[in-house]
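# Architecture at a glance
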Amino acid sequence: MLDQKVKQTSREFAKLLICTGSFVAESRYIAHSLFTLMTPRLHQWYSALRSRLKVVLKSGAEQLTTDSGNIFQHLEPFLKAHGTMALSAKVLSTGSPLPPIEKGVTRLYSMRFCPFAHRARLVLAHKNVEYQTVNIHLGKKPEWFFEKNPNGEVPVLEKDGRIVYDSLVVAEYLDSVYKKDPLVPEDPYCKAQDDMIINYNGSKFVPNYYKIINTKGEDKDAVDTMMKALQKFEDVLTERGSKFFGGDRPAFVDLMIWPWQERFSILGKYPLVDTSMSKFPRLKEWQALMKEIPAVKECAQTDEMHDKFVVQWKGGDENPFDVGLN
């Protein structure tokens with residue numbers, strides 16, 4: 001049973017979070033979609049707290065949002081005490097001004113449901129790097145965003161005028177800059193082997209994942225190719241005889257292919273797609289182990305939220321990127 005002091009503190013903090021519009025209160029639970037509002041250290045505190053709490057009714061959250069006033073001024077000192085001041089999780093679109101960035105601040109231009117940006121967030125979380133996120137409307141991008149990346153894609157990393165883009169480039173750059181807990185293997189051959197798995201994921205699994213979504217699960221060839229990709233992953237884990245692709249602990253390759261594995265289960269609503277993983281026991285075990293990794297937990301979305309995004313995105317919603325935000 002929760003003691004009253006912890007419960008009261010949790011409720012007060014939850015009220016502040018709800019009123020910023022930066023996460024969803026679903027059902028009876030505090031949702032974990034905090035993203036940009038929290039620095040990694042604050043995420044760790046919140047994750048530990050969340051495991052003990054089941055508070056904040058959705059109706060209460062709506063009422064608080066209505067009656068809150070400018071509650072953010074009360075939250076600002078708390079956030080500053082825990083690291084870089086965060087921005088709203090809602091996307092910026094055409095006509096939105098570029099938020100000023102302070103010297104020494106690491107900023108990630110992202111989108112909450114983008115699996116490529118997910119890669120960068122995983123590495124940042126693994127390295128325990130404090131950073132600020134600016135989410136981008138990928139259908140109506142701000143004009144200034146093309147100055148950050150002429151390709152108009154997320155993720156983009158920026159710090160003190162230095163800009164890096166492309167998900168794999170950003171992820172490997174972060175691993176090089178932040179030396180603690182290295183992810184990329186030192187051995188060139190091991191790195192090459194892992195890079196081939198990442199490339200295979202990008203050429204076989206990823207495009208067929210989207211083909212299945214685009215055809216509402218009716219593209220049998222795409223389903224078959226995806227299943228062959230899963231078998232390939234199964235075979236690699238068997239050959240390596242390890243829990244993770246990177247050995248006894250997750251490495252760069254594990255984090256780089258994970259975003260689509262996290263989303264894989266939402267394809268189970270299509271009759272042709274078997275998401276039980278019964279044919280891939282080692283891969284199924286790997287998925288379960290990955291879900292317990294702190295960085296994965298910190299960056300995770302629920303199946304429900306992933307599916308809501310896909311439904312709104314493919315349904316023609318003008319802004320599916322803010323799904324779940326008040």
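Not measured: the values here are computed from a predicted model.

## Section: helix H10 (residues 252–264)
Its axis deflected by about 45° at Trp258, H10 carries its strongest bend there, up to four residues before the proline Pro259. Counting buried positions along H10 yields 13 of 13 residues, so the element is predominantly enclosed.

## A few points about the side chain of Ser110
By secondary structure assignment, the location of Ser110 is in strand S3 (residues 107–110). You can call Ser110 buried: its relative accessible area is 1%. If we ignore the near neighbours within four places in the chain, the residues touching Ser110 are Ala117, Arg121, Thr133, Val134, Asn135, Ile136 and Val154.

## As for the packing of helix H9 (residues 220–240) against helix H11 (residues 281–290)
The contact between H9 and H11 brings their axes to 8 Å, and the two run at 85°. Taken together, the axis directions place H9 and H11 in an arrangement best described as roughly perpendicular. Every residue of H11 that contacts H9 at Leu230, Phe233, Glu234, Leu237 and Thr238 is listed here: Pro281, Arg282, Leu283 and Trp286. Of the residues belonging to the contact of H9 with H11, the class tally is six nonpolar, one polar and two charged.

## Description of the pairing of strand S6 (residues 162–165)
Pairing geometry for strand S5 (residues 156–159) and S6, over four bridges, is antiparallel. Each residue of the ladder has a partner; that of Glu158, found in S6, is Ile163.

## Considering the pairing of S3
Burial along S3 is two-sided: Arg107 and Tyr109 facing one way and Leu108 and Ser110 facing the other are all buried. Relative to strand S4 (residues 132–135), S3 is paired through four bridges, and the arrangement is parallel. Bridging across to S4, Tyr109 finds its partner in Val134. The parallel pair S3 and S4 is bridged by helix H5 (residues 115–126), and the resulting crossover is right-handed.

## A few points about the confidence of the model for the chain
Low pLDDT means the predicted coordinates in that region are not meant to be read closely. Confidence along the chain averages 82 in pLDDT terms, with 73% of residues attaining 70 or more. Across residues 1–11, where pLDDT falls below 50, the model places ten contacts with residues more than four positions away in sequence or in other chains. Per-residue pLDDT stays below 50 along residues 18–41; that stretch engages in 99 contacts with residues further than four places along the chain or on separate chains.

## Side note on the sheet that holds S3
Through backbone hydrogen bonds, the strands of a sheet pair up, either in parallel or in antiparallel fashion. A sheet is described by the order of its strands in space; here four strands give the open sequence S4-S3-S5-S6, paired in mixed fashion. Edge strands, defined here as strands with exactly one partner in the open sheet, are S4 and S6. On average, each strand axis in the sheet is inclined to that of its neighbour by 20°, with strand direction left out of account. Note that S3 and S5 share three bridges and pair antiparallel. When the bridges of S5 are listed, Arg107 appears paired with Glu158.

## Focus: the nonpolar core
Membership of the largest hydrophobic core comes to 71 residues, with the highest contact counts inside it found for Leu230, Phe245, Phe264, Leu267, Leu283 and Trp286. Every residue in contact with Leu283, bar those within four places of it in the chain, is listed here: Leu230, Phe233, Glu234, Leu237, Phe245, Gln261 and Met277.

## Describing the pattern of salt bridges
Taken as a whole, this structure holds ten salt bridges when the rule is applied. Lys220 is paired through a salt bridge with Asp224; the nearest N and O atoms lie 3.0 Å apart. Linking Lys220 with Asp224, this pair stays in helix H9, spanning four residues, or about one helical turn. Each of Glu172, Lys191 and Asp195 takes part in one network of salt bridges that share partners.

## Some words on unusual backbone geometry
A cis amide bond links Val154 to the next residue, Pro155, at an omega of 10°. With respect to the helices, strands and loops of the structure, Pro155 is situated in the loop between helix H6 (145–148) and S5. The backbone phi angle of Asn128 is positive, close to 55°, even though this residue is not glycine. For Asn128, the position within the fold is in the loop between H5 and S4. On the basis of relative accessible area, Asn128 is assigned to the partly exposed category, the value being 36%.

## Observations concerning the environment of Ser203
Its place among the elements puts Ser203 in helix H8 (residues 188–214). Along the chain, Ser203 and Ala229 lie 26 residues apart, while their C-alpha atoms are 9.6 Å from each other.

## Regarding helix H13 (residues 303–314)
The end-to-end C-alpha distance of H13 is 16 Å, a good match for the 16 Å that twelve residues give at a rise of 1.5 Å each. Turning to H13, its buried residues are Met305, His306, Phe309 and Val310. Within H13, the buried residues cover an arc of 135° as seen down the axis, which keeps them to one side. Positive phi shows up at Gly316, right after H13, with a value of about 85°.

Reading the values: rules and limits
Residues numbered from 1 in each chain as written. Predicted model: local features only at pLDDT ≥ 70, side-chain atom pairs only at ≥ 80, totals over all residues. Heavy atoms only, no water. Bend = angle between axes of the 7 residues up to and from the residue. Helix = DSSP H or I, 4+ residues; strand = E, 2+ residues; numbered from the N terminus. Buried < 20%, exposed > 50% of the residue type's maximum accessible area, 1.4 Å probe, protein only. Contact = heavy atoms within 4.5 Å. Axes fitted to C-alpha atoms, helices over the stretch in contact; angles between N-to-C directions. Parallel < 35°, antiparallel > 145°, perpendicular 65-115°, else oblique. Nonpolar A, V, L, I, M, F, W, Y, C, P; charged D, E, K, R; others polar. Pairing = 2+ DSSP bridges. Right-handed = clockwise from strand over helix to strand, strands pointing away. pLDDT = per-residue confidence, 0-100. Core = buried A, V, L, I, M, F, W, Y, C linked by side-chain atoms within 4.5 Å. Salt bridge = Lys/Arg side-chain N within 4 Å of Asp/Glu carboxyl O. Expected span 1.5 Å × (residues − 1). Arc of directions from axis to C-beta.

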